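Results of the structural survey
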Amino acid sequence: GVQTCALPIFLFVCNFTPIERPEYRVGVPRGKQYRLVLNSDELQYGGSGKARPAVYKAKKQECDGRPYSFGYDLPPYGVAVFEF
């Protein structure tokens, strides 16, 4: 038979300003868990090293035209990549 392989889907969140965005809401299509796979604010990338959760659970709250969303502390000039 034919085998299918589910490819990961990534969400990129970028802050191109010098201002921190605490609890920045990100609209997403599903009420699932979103795993942080890259955080440019880690020490190894020259960031502050602030601890952040590894997983974010979306809740039913419309944002950016999407039915679900979650909040993320977005650092200045920061980039975060989530997998779901």
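Since the structure is predicted, the reported quantities are computational estimates derived from the model, not experimental observations. Per chain, residue numbering runs from 1 following the sequence as it is written. Local features in this predicted model are restricted to residues whose pLDDT is 70 or higher, and side-chain atom pairs enter the listing and the counts only when it is 80 or higher, whereas totals over whole chains, interfaces and linings include all residues. For side-chain calculations, the full set of non-hydrogen atoms in the structure is used, while hydrogens and water are omitted.

**Regarding the pattern of salt bridges**
The condition is simple: One speaks of a salt bridge when a side-chain nitrogen belonging to Lys or Arg is within 4 Å of a carboxyl oxygen belonging to Asp or Glu. By the criteria applied, helices consist of DSSP H or I runs no shorter than four residues and strands consist of E runs no shorter than two, each listed in order from the N terminus. In this scheme, a residue with accessible area under 20% of its type's maximum is buried, one over 50% is exposed, and one in between is partly exposed, where area comes from a 1.4 Å probe on protein chains only.
Enumeration according to the criterion identifies five salt bridges in this entry. Between Arg 52 and Asp 41 there is a salt bridge whose closest N-O contact spans 3.1 Å. Within this pair, whereas Arg 52 is found in the loop between β3 (33–39) and β4 (55–57), its partner Asp 41 is found in the loop between β3 and β4, the two being separated by 11 residues in sequence. Neither residue differs from the other here; Arg 52 and Asp 41 are each classed as buried. Put simply, Glu 20, Lys 50 and Asp 73 are held in one network by salt bridges that share partners.

**Side note on unusual backbone geometry**
One non-glycine residue with positive phi stands out, namely Asp 64, at about 55°. Looking at the secondary structure, you find Asp 64 in the loop between β4 and β5 (68–74). Phi angles above zero are rare outside glycine, and Tyr 77 is one such case at about 50°. Take Tyr 77: it is sitting in the loop between β5 and β6 (79–83).

**Considerations on the sheet that holds strand β1 (residues 10–14)**
Threshold: Here the rule is simple: two strands pair whenever DSSP picks up at least two bridges between them. In this analysis, axes come from line fits to C-alpha atoms, helices being fitted only over the stretch in contact, and the angle between any two N-to-C directions falls in the range 0 to 180 degrees.
In spatial order, the strands read β1-β6-β3-β4; together these four strands make up an open sheet with antiparallel pairing. Every other strand in the sheet has two partners, leaving β1 and β4 as the edge strands with one partner each. Strand-to-strand twist in this sheet, taken as the mean axis angle between neighbours without regard to direction, amounts to 30°. For β3 and β4, the ladder comprises three bridges, and the chain directions are antiparallel. Within β4, the residue paired with Gln 33 across the bridge is Lys 57.

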